Amino acid sequence: MQPTDSKDFTTLNVNQQPNEAQTITMPPSKKKSKPSSKTRRRLKDAEPLPFKIDGLSHDGRGVAIYGNGFGEADGHIEDKHGKKIFVSFALPGESALVKITNSRSSFEEGDAVSITANPNPERAVAPCPHFGVCGGCSLQHWQPDGQINFKQSVLAELLMHQADVEPEHWLAPVVGDRLGYRTKARLGVRYVAKKETALVGFRERSSNFLAELNECHILDPRIGFEIENLKALISTLESRDKIAQLELAMGEALPELPDGNQPVALIVRNLSPLSDVDIEKLKTFFAARNWQLYLQSKGADSIQRIALTEHDDMTEQFGRLYYQLPEYDLTFEFIPTDFTQVNLSVNRQMTKLACDLLDLKAGERVLDLFSGLGNFSLPLARLVGETGAVVGVEGSEAMTARAADNARRNGITNTEFYSQDLTQDCTDKPWANQGFDALLIDPPRSGAWEIMQYLPKFNAERIVYVSCNPATLARDTKALLEQGYRLTHAGVMDMFCHTGHVESIARFEKVSA
């Protein structure tokens, strides 16, 4: 049965195309976007040139063309007329002065250093003082609603271009926290002796150098507004020049659970052993904030938790972190190195939307591919009830075990979890031949092309595909259409606000014979 517009999820009018008039251009590859040292030196002292911004690239940069309203007197030499330039910090319709940062035979790249006329109505003042230098964000100059509507346009264009299809219903964008949302990150660390200070944060745009940050507005504020204090702490360490990275993970504070009063964990990557004095400084700093402290001297196996209080459970390598899905009365336990969704507010809505789109009934059987720690499996299990069943399949044995543990902790008995290389046809496995009414798939950025080759064998009536890469979703959509499914719904989710990344979701239904 096809979901109707009266369900809990919201759809756009079937004839309403997101940002129909927008011109969207495929950006150059990251490899080509990195200018050579010779090119950087040549462009360093070049004067900015005027351009009219005609459209946008898939990653949200403005696109302009040499010779569009400008001539040689403006620096638009005739040989370059028609050549495209990708302009960071520019929006459609604007006139901008652009500093060229990279020049190739087929395209150029640059930064808008000033908007000279026709500022786009969706232009915004960036909330972060480091925007433009730090590579952690690329779209803070754009109002968030404009960003997410554009991302839906990107999805629409890719679906049409690669699969020659548009969904029967466009879902309204899923929106959550747009600042202070990021709960997972790796921050680079470098001590600069000349300045007698440590740098902590993301890399500069198109550079291997660390940006000089004092705060971050997309990181969860529990870390985002502690960067200055972290810099000061590291600068006092004897091994300050041997700290290379901080890996952070955050959950929700649940004091009634083990480690639940320590919802922030940082793994300190130390290139040489730390002295007792340094460890005591770290312990004092972390204990004052109720953070979990870990040291990592080599590979992942070397990660070691440092006890801060007598109550810390040191029987296992990692402490515990948690997040909840209140809609389904679920609490998930994970460790700092596990994959989890970075935006907890969007994750709550995303899991509900996926469940609503599958339109499950009591007693149905569901297959969850790339099931992770059970983020979708457990809500699905609640919906199908004790007479139904959910089978979760995941490549990582550790995550498979974590999913089973989470099911047990939440009193769920109608799930089974298996570890399996999903790039290989696994339809001969006993778990794969039980028959499924519905299927959910949440693959990595590379998509699920290998799975598309054997997916019809599962014979599921309904499929929900959650994607962090609209290009691979569009590619896999074509395969599903060729295998007898129709695209009923599609939309985007604001998981990564202020960046060019797009999280999307699509629903497919088997065409009746």
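Refer to the structure above for everything that follows.
Residues numbered from 1 in each chain as written. Predicted model: local features only at pLDDT ≥ 70, side-chain atom pairs only at ≥ 80, totals over all residues. Heavy atoms only, no water.

(A) Broad picture of the overall build of the protein chain. The helix and strand tally for the protein chain stands at 11 helices and 24 strands. Here the C-alpha coordinates of the protein chain stretch approximately 75 × 70 × 35 Å along the principal axes. Within the protein chain, contacts between residues at least 6 apart in sequence are counted, and of these 67% link residues at least 24 apart. Summed over all atoms, the accessible surface of the protein chain reaches about 22,400 Å², with 49% contributed by carbon and sulfur. Each charge sign in the protein chain was given a centre, from 56 positive and 68 negative side chains, and these centres are 7 Å apart. (Helix = DSSP H or I, 4+ residues; strand = E, 2+ residues; numbered from the N terminus. Contact = heavy atoms within 4.5 Å. Areas by Shrake-Rupley, 256 points an atom, 1.4 Å probe, with all protein chains shown as cover. Lys, Arg positive; Asp, Glu negative; His and termini not counted. Charge placed at Lys NZ, Arg CZ, Asp CG, Glu CD.)

(B) Helix 9 (residues 397–409), seen in detail. Look at helix 9: 18 Å from first C-alpha to last across 13 residues, which is about the 18 Å you get at 1.5 Å a residue. For helix 9, the complete set of buried residues consists of Met399, Thr400, Arg402, Ala403, Asn406 and Ala407. Within helix 9, the buried residues cover an arc of 160° as seen down the axis, which keeps them to one side. Exposed and facing more than 90 degrees away from the buried side of helix 9 are Glu397 and Arg408. Against strand 17 (330–334), helix 8 (377–384), strand 19 (389–394) and strand 20 (415–419) lie the buried residues of helix 9. Trailing helix 9 by a residue or two, Gly411 shows a phi angle of about 70°, which is positive. (Expected span 1.5 Å × (residues − 1). Buried < 20%, exposed > 50% of the residue type's maximum accessible area, 1.4 Å probe, protein only. Arc of directions from axis to C-beta.)

(C) Quick peek at the packing of helix 3 (residues 144–163) against helix 11 (residues 470–482). Running from N to C, helix 3 and helix 11 cross one another at 40°; their axes reach a closest spacing of 8 Å. With respect to helix 11, the axis of helix 3 lies oblique. Seen along the crossing, helix 3 lies across helix 11 with a hand that is right-handed. Of the residues in helix 11, those in contact with Val154, Leu155, Leu158, Leu159, Gln162 and Ala163 of helix 3 are Pro470, Ala471, Leu473, Ala474, Arg475, Thr477, Lys478 and Leu481. In terms of residue class, the contact of helix 3 with helix 11 is built from 10 nonpolar, 2 polar and 2 charged. (Axes fitted to C-alpha atoms, helices over the stretch in contact; angles between N-to-C directions. Parallel < 35°, antiparallel > 145°, perpendicular 65-115°, else oblique. Left-handed = near helix turned anticlockwise from the far one by under 90°. Nonpolar A, V, L, I, M, F, W, Y, C, P; charged D, E, K, R; others polar.)

(D) Looking closely at the sheet that holds strand 3 (residues 49–52). Read across the sheet, 7 strands follow the order 2-4-5-6-8-7-3 without closing on themselves; strand pairing throughout is mixed. Whereas interior strands pair on both sides, the edge strands pair on one side only; in this sheet they are strand 2 (24–25) and strand 3. Judged from the 4 bridges that link them, strand 5 (residues 62–65) and strand 6 (residues 84–88) form a sheet pairing that is antiparallel. When the sheet's bridge partners are listed, Ala64 is paired in strand 6 with Ile85. (Pairing = 2+ DSSP bridges.)

(E) Representation of the pattern of salt bridges within the structure. The full count for this structure, using the stated rule, is 29 salt bridges. In this structure, Arg320 and Glu333 form a salt bridge, with 3.9 Å as the shortest nitrogen-oxygen distance. Of this pair, Arg320 sits in the loop between strand 15 (304–306) and strand 16 (321–325) while Glu333 sits in strand 17, placing them 13 residues apart in sequence. Of the charged contacts in the structure, one is a salt bridge between Arg402 and Asp338, with a shortest N-O distance of 2.7 Å. (Salt bridge = Lys/Arg side-chain N within 4 Å of Asp/Glu carboxyl O.)

(F) Region of the structure containing the packing of helix 5 (residues 227–236) against helix 6 (residues 276–289). Relative to each other, helix 5 and helix 6 sit at 160°, their axes nearing to 10 Å. Our classification of the angle between helix 5 and helix 6 gives roughly antiparallel. The crossing of helix 5 and helix 6 is right-handed. Contacts between helix 5 and helix 6 pair Asn229, Leu230, Leu233 and Thr236 from the former with Lys281, Leu282, Phe285 and Arg289 from the latter. Here the residues of the contact of helix 5 with helix 6 sort into 4 nonpolar, 2 polar and 2 charged.

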